[in-house]
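Chain residues, written in single-letter form:
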Amino acid sequence: MNREQLIIEVTKCMRNTPYALRTYLQTYDNTVSKYVPLDLFPDQVSLIEDYDNYNENVALKYRQAGVSTVTAAWISKRLAFARKEKPEKVLIIANKLDTAVEMANKVRGFTEQWPAWVGAGFSQEKNAQRHFKLTNGCEVKAVATSRDALRGYTPTILIFDEAAYIEADGDFWAACMASLSTGGKVIVVSTPNGYDAIYYEIYDQSKRGKNDFKVTEMFWHRDPRYTKDLYMVKTNDLVHFLLNREEYNIDDVVVDLSMENPYERDHSVVTDYIEQGYKPCSSWFEGMVKKLKYDRRKVAQELECNFLGSGDNVFDSEMMLDISKNQVKDPIAKMMGGGLWIWKEPVNGHKYVMGVDVSRGDSEDFSCVQIIDFDTREQVLEYVGKVPPDILAEIAYKWGTMYNAYCVVDLTGGMGVATARKMQEMGYQAGMYVDNVDTTNKWKYDPKINEKIPGINFNSKRVQIISSFEESMRHKFRIYSSRLYNEMNTFVYINGRPDHQKNHHDDCIMGISMAIYVAEKSFQSLTKVVNHTKAMLNSWATTVTENKNSSEFFNPMVPQMGRDSRQHNSGPSKRDYQEYGWLFGTK
């Protein structure tokens, strides 16, 4: 290649990244056990072009999409063609150091493949797996999530690999973005992992136009490597279909979209079927589902690019989808600066329960009041705000009195004690729940009943209380609050314990869960007491009736002489009065 041809080739590579990667780079293909040219399908080309054209990128991907490989190839091109006057400094961040080092090794491997005329070799100054330099001044550093990762390093390209699994908060993200040099690029890559604090929030805010990130969505059914035998299935649960094909009429629910050359596929046809309720499937997809042991959460996470259902969510994805479509709605009234929402006004005779979750009023947590109608099984009122415990007591007293709602206060952490005591001082009349008191035995006196603080320790019964709420939701309890719905989306199992994700809240969940738990427990106990009392009264009535039939007006002090005690007596006779009247002073 002469000088003129070299200039043309360099210019072409600089302007056309997909051409450069396809022409000069190779990747190892396990199916043939050798290196093959780096072939790019349309979605990968779009991803690379987005990297070139936008400074902030977030990629939504499925497992085996090749995004990490393509991203590493793109980075290697940026390093190889960088000028010494303006070197690139790449920082790769992952939840584990091994994950970050793996991508750094991919970058190293691709960088080694560029031809000698590019003029970018490895420097002896620093040439380790975790941190290496090139002779043109470029650097690559791989780190795990920590604040120290950013110390003394100002990247021009910041890569977050498997960002949804990075256990960090918003402060770490802010520090990362602040460290990025002016005009630098940031790339966020991951499969979904529920509604996490970094990846999902970036994605969601971008879709709503709240940040400048360019979203690149990659779906497996657009990948020609996996869709030669593509078919569509009319079902809400593809895993159930794969496990129970015999229950389906294949001719009615399956549409064959296989084709010899899937690179020529019109993807709008697939999209139309998806909008009609069909789900894509292929032999590759079936094999991946088998490897995931038909785990619906893993399928949603690894293959379907589905945030809802991909994390360890407490509430089922189908349930959440139903809530978002059929339940969440605007309140009929908003008061107290928008903090109080009302959906139903009180109905005389209905049983209402109020759950009160208390915070200090100055922390990140909010205080919350939830009122439910136990008769219609629905949410009717919600208050969320940052107020001191005594002010919250006044709010709960006012609205609880309006609905005549039986009240339960969370005593966890001690803040609820002030609220409960204040409501007692104000003379709350609708009743307050006292934990660990036997209300089923009305004849058993508890001498310490008046000393106990009304309320419940949420954390000591967290699993039971949350389970009660989750079970009620499965049995058609209705909620209307978007605030509560959003909390449910980020309420997950952490080490087997139901809790909110970092930088999210659970105040609304706690309030309504306590109300439902106490309603079911207290009203069931009340029903038992009422039934027990009715049975006792009925037994008394039966005894009185039986005695009335046999001994009405009978005086036990007067012997029933001359009468058969086994026969029923209709009362004293005239002769009785004549013979024994003197006993009563009669003449």
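Residue numbers here run from 1 along each chain, matching the order of that chain's written sequence. Side-chain atom pairs in this predicted model are given and counted only at pLDDT of 80 or more, local residue features only at pLDDT of at least 70, and totals for whole chains, interfaces and linings cover all residues. To obtain the side-chain values, all non-hydrogen atoms of the structure were included, while hydrogens and water were left out.

(A) Structural context of the overall build of the chain. Strands are runs of DSSP state E lasting at least two residues, helices are runs of H or I lasting at least four, and both sets are numbered from the N terminus onward. Of the regular secondary structure elements, the chain holds 19 helices and 21 strands. Burial classes follow relative accessibility: with a 1.4 Å probe on protein chains only, a residue under 20% of its type's maximum area counts as buried, one over 50% as exposed, and anything between as partly exposed. Counting over 587 residues, the chain shows a buried share of 47%. Residues are treated as being in contact if the distance between any of their heavy atoms lies within 4.5 Å. Of the contacts made within the chain by residues no fewer than 6 positions apart, 69% connect residues no fewer than 24 positions apart.

(B) Here's a closer look at the sheet that holds strand β8 (residues 157-161). Reading across the sheet, the eight strands line up as β5-β6-β7-β4-β8-β9-β3-β10 and stay open at both edges, with mixed pairing between neighbours. In this open sheet, the two edge strands, each paired with only one partner strand, are β5 (122-127) and β10 (214-217). Averaged over all adjacent pairs, the angle separating strand axes in this sheet is 20°, with direction ignored. Paired strands, as defined in this entry, are two strands with at least two bridges between them according to DSSP. When strand β4 (residues 89-94) meets strand β7 (residues 139-144), the two strands line up parallel, connected through six bridges. Bridge pairing links L91 to K141 in β7. Together, β4, β5, β6 (131-134), β7 and β8 form the strand contacts of helix α5 (residues 97-113), whose direction differs from that of β7 by roughly 160°. Interaxial angles span 0 to 180 degrees and are taken between N-to-C directions of axes, which are lines fitted to C-alpha atoms, for helices over the stretch in contact.

(C) Structural view of the confidence of the model for the chain. Here the chain shows a mean pLDDT of 84. Residues at 70 or above account for 84%. The predictor's confidence in any single residue is recorded as pLDDT, a number from 0 to 100. A low-confidence stretch, residues 543-568 (pLDDT under 50), is modelled with 16 contacts involving residues beyond four sequence positions or located in other chains.

(D) Spotlight on α5. The span expected for a helix works out to 1.5 Å for each residue beyond the first. Given a rise of 1.5 Å per residue, 17 residues ought to cover 24 Å, and the 25 Å separating the end C-alpha atoms of α5 matches this to within 8%. When α5 is considered as a whole, its buried residues turn out to be A100, V101, M103, A104, V107, R108, F110 and T111.

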